[in-house]
Amino acid sequence: VPEDQADKLLLASWGLPKEVLEKYHSLGVVQMFEWQAECLMLGQVLEGKNLVYSAPTSAGKTLVAELLILKRVLETRKKALLILPFVSVAKEKKCYLQ
C-alpha cells in the first residue's frame, strides 16, 4: 500500500456502517494487513469484478471476502451467499455476522 494510502489499512476507511465497525472493533479487528487492503484496491473489485487470491491458513482471507460481501449487500440491498469449507467455520461466521 503506498504511503499516501496508508489510511486504507483502517477498516473505518472503507465506508462500512458504524455498527459493523463497532462489531469488528469489539473483536479486536481495527485494521487490515497490507495485502488485504491491496486486494480491495485492485482493479474494479469494489465494483463487483472478480478477485482470486491465495494466502496461508489463518492469514485473513475471510476478512477480505466479508468486506467485499458487506459493501455489496449494503450498496445493492441484495442478498449474498457465503460458502465456507467447514461447519465449524460456518457456525462461527453465522454468529459473527449477525
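Residue positions are counted from 1 within each chain, in the order its sequence is given. Given that the model is predicted, a residue must reach a pLDDT of at least 70 before its local features are reported, and side-chain atom pairs must reach 80 or more before they are shown or counted; all residues, however, enter totals for whole chains, interfaces and linings. With hydrogens and water set aside, each side-chain value is computed from the structure's full complement of heavy atoms.

1. Regarding the packing of aromatic side chains
Stacked, tilted and edge-to-face are the three classes assigned to paired rings of Phe, Tyr and Trp, where Trp is represented by its six-membered ring and a pair needs centres within 6.5 Å; plane angles under 30 degrees give stacked, over 60 edge-to-face, the rest tilted. Within the structure shown, the criterion is met by one aromatic pair. Ring geometry for Trp-35 against Tyr-53: centres 6.2 Å apart, planes inclined by 40°, an arrangement best described as tilted. With a gap of 18 residues between them, Trp-35 in helix H2 (residues 34–41) and Tyr-53 in the loop between H2 and helix H3 (61–76) connect regions that are remote in the sequence. Any residue under 20% of the maximum accessible area for its type is buried, any over 50% is exposed, and the rest in between are partly exposed; the area is computed with a 1.4 Å probe on protein chains only. Classification of Trp-35 by relative accessible area gives partly exposed; the value is 25%. Residue classification places Tyr-53 among the partly exposed residues on the basis of a relative accessible area of 26%. Only Lys NZ and Arg CZ are tested; either one counts as a charge over a ring when it is within 6 Å of the ring centre and within 35 degrees of the ring normal. Above the face of the Trp-14 ring, Lys-8 is positioned so that its terminal group lies 4.9 Å from the ring centre. Where helices and strands are cited, they refer to DSSP runs of H or I of at least four residues and of E of at least two residues respectively, numbered from the N terminus.

2. A word on the packing of H2 against H3
Axes, fitted as lines to C-alpha atoms, cover a helix only where it is in contact. Angles between the N-to-C directions of the axes lie from 0 to 180 degrees. Put simply, H2 and H3 touch, their axes get as near as 10 Å, and they point 35° apart. When the axes of H2 and H3 are compared, the crossing they make is right-handed. On H3, the residues touching Trp-35, Gln-36, Cys-39 and Leu-40 of H2 are Lys-61, Leu-63, Val-64, Leu-67 and Leu-68. In this count, Pro and Cys sit with the nonpolar residues alongside Ala, Val, Leu, Ile, Met, Phe, Trp and Tyr, while Asp, Glu, Lys and Arg are called charged and the others, Gly among them, polar. Considering only residue class, the contact of H2 with H3 consists of seven nonpolar, one polar and one charged. Two helices crossing with the near one rotated counterclockwise from the far one by less than a right angle form a left-handed crossing, whereas a clockwise rotation gives a right-handed crossing. Any two residues whose heavy atoms approach within 4.5 Å are treated as being in contact.

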